Amino acid sequence: QVQLVESGGGLVQPGGSLRLSCAASGSIFSIGTMVWYRQAPGNKRENVANIEYGGDTNYGDSVKARFTISKDNAKNTMYLQMNSLKPENTADYYCNAVVRPSIRSSWIEHWGLGTLVTVSS
């Protein structure tokens, strides 16, 4: 069993910063690509940023230069540093990762339950 648990969400004023974390736990041999998604009320879930096994990163156009994705392999944890937050960044933020539970296993996709980020004055 693998669990992904997000943390770090909350209420922040426009222009402020938050750091989200996604901790993976359980039976983990290897973690592949990890992704931050978000979904605002009435909107489709969108890819915010992803980080590949080797560390390469990709960002959605709306968050480039403001958000930074990173990971700590030793802790099986991914982060999203969000700066210069805007009200339109308000959403539930979800962690997604593909994980191999063992050397003989195939890659399995997992999702966290999400953490709410609210940007408001």
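Just above sits the structure.
Everything quoted here is computed from the prediction, not taken from an experiment.

(A) Structural detail: the overall build of the protein. When helices and strands are tallied, the protein shows 0 helices and 11 strands. Moving toward the C terminus, one meets the helices and strands of the protein in the order β-β-β-β-β-β-β-β-β-β-β. Expected size for 121 residues packed as a compact globule is a radius of gyration near 14 Å; at 14 Å, the protein falls within 12% of this value. If you line up the protein on its principal axes, its C-alpha atoms span 50 × 25 × 25 Å. Long-range contacts, defined as pairs at least 24 residues apart, comprise 54% of the intrachain contacts of the protein with a sequence gap of at least 6. The centroid of the 11 positive side-chain charges in the protein is displaced by 3 Å from the centroid of its 9 negative side-chain charges.

(B) Structural context of the environment of glycine 8. Along the chain, the position of glycine 8 falls in the loop between strand S1 (2-7) and strand S2 (10-12). Judged by relative accessible area, which is 33%, glycine 8 ranks as partly exposed. When the C-alpha atoms of glycine 8 and threonine 115 are compared, they prove to be 7.2 Å apart, with 107 residues separating the residues in sequence. Not counting residues up to four positions away in its chain, the partners in contact with glycine 8 are Leu18, Arg19, Leu20 and Thr115.

(C) Representation of the pairing of strand S9 (residues 91-100) in the model. For S9, the tally of buried residues reaches 7 of 10 residues, placing the bulk of the element in the interior. Pairing geometry for strand S4 (residues 30-39) and S9, over 8 bridges, is antiparallel. Counterpart to glutamine 39 in the pairing with S9 is aspartate 92. As paired elements, S9 and strand S11 (residues 115-119) share 3 bridges and run antiparallel to each other. Note that in S11 the partner of alanine 91 across the bridge is valine 117.

(D) How the structure looks around the nonpolar core. If you look at the biggest cluster of nonpolar residues, it comprises 28 residues, and the most contacted ones within it are Trp36, Val48, Phe67, Met78, Leu80, Met82 and Tyr93. Sorting the residues of this core by element identifies S1, strand S3 (18-26), S4, strand S5 (46-51), strand S7 (67-72), strand S8 (77-82), S9 and S11 as the ones contributing at least two each. Per-element accounting of this core gives the leading share, 5 residues, to S9.

(E) Summary view of the state of the cysteines. Tallied over the full model, the rule gives 1 disulfide. Sulfur-sulfur distance for the disulfide between cysteine 22 and cysteine 95 comes to 1.9 Å. An S-S torsion of about -60° defines the bridge between cysteine 22 and cysteine 95 as left-handed. One end of the pair, cysteine 22, is in strand S3; the other, cysteine 95, is in strand S9, and 73 residues separate them in sequence. Looking at cysteine 22, the relative accessible area reads 0%, which means it is buried.

(F) Summary view of the pairing of S7. Bridging between S7 and S8 involves 6 bridges; their strand directions are antiparallel. Paired with aspartate 72 across the bridge in S8 is threonine 77. Linkage of S7 to S8, two consecutive antiparallel strands, is achieved through a turn of 4 residues, within which asparagine 76 is found at a positive phi near 50°.

What counts and what doesn't
- Residues numbered from 1 in each chain as written.
- Predicted model: local features only at pLDDT ≥ 70, side-chain atom pairs only at ≥ 80, totals over all residues.
- Heavy atoms only, no water.
- Helix = DSSP H or I, 4+ residues; strand = E, 2+ residues; numbered from the N terminus.
- Rg over C-alpha atoms; globule rule 2.2 N^0.38 Å.
- Contact = heavy atoms within 4.5 Å.
- Lys, Arg positive; Asp, Glu negative; His and termini not counted.
- Charge placed at Lys NZ, Arg CZ, Asp CG, Glu CD.
- Buried < 20%, exposed > 50% of the residue type's maximum accessible area, 1.4 Å probe, protein only.
- Pairing = 2+ DSSP bridges.
- Core = buried A, V, L, I, M, F, W, Y, C linked by side-chain atoms within 4.5 Å.
- Disulfide = S-S within 2.5 Å.

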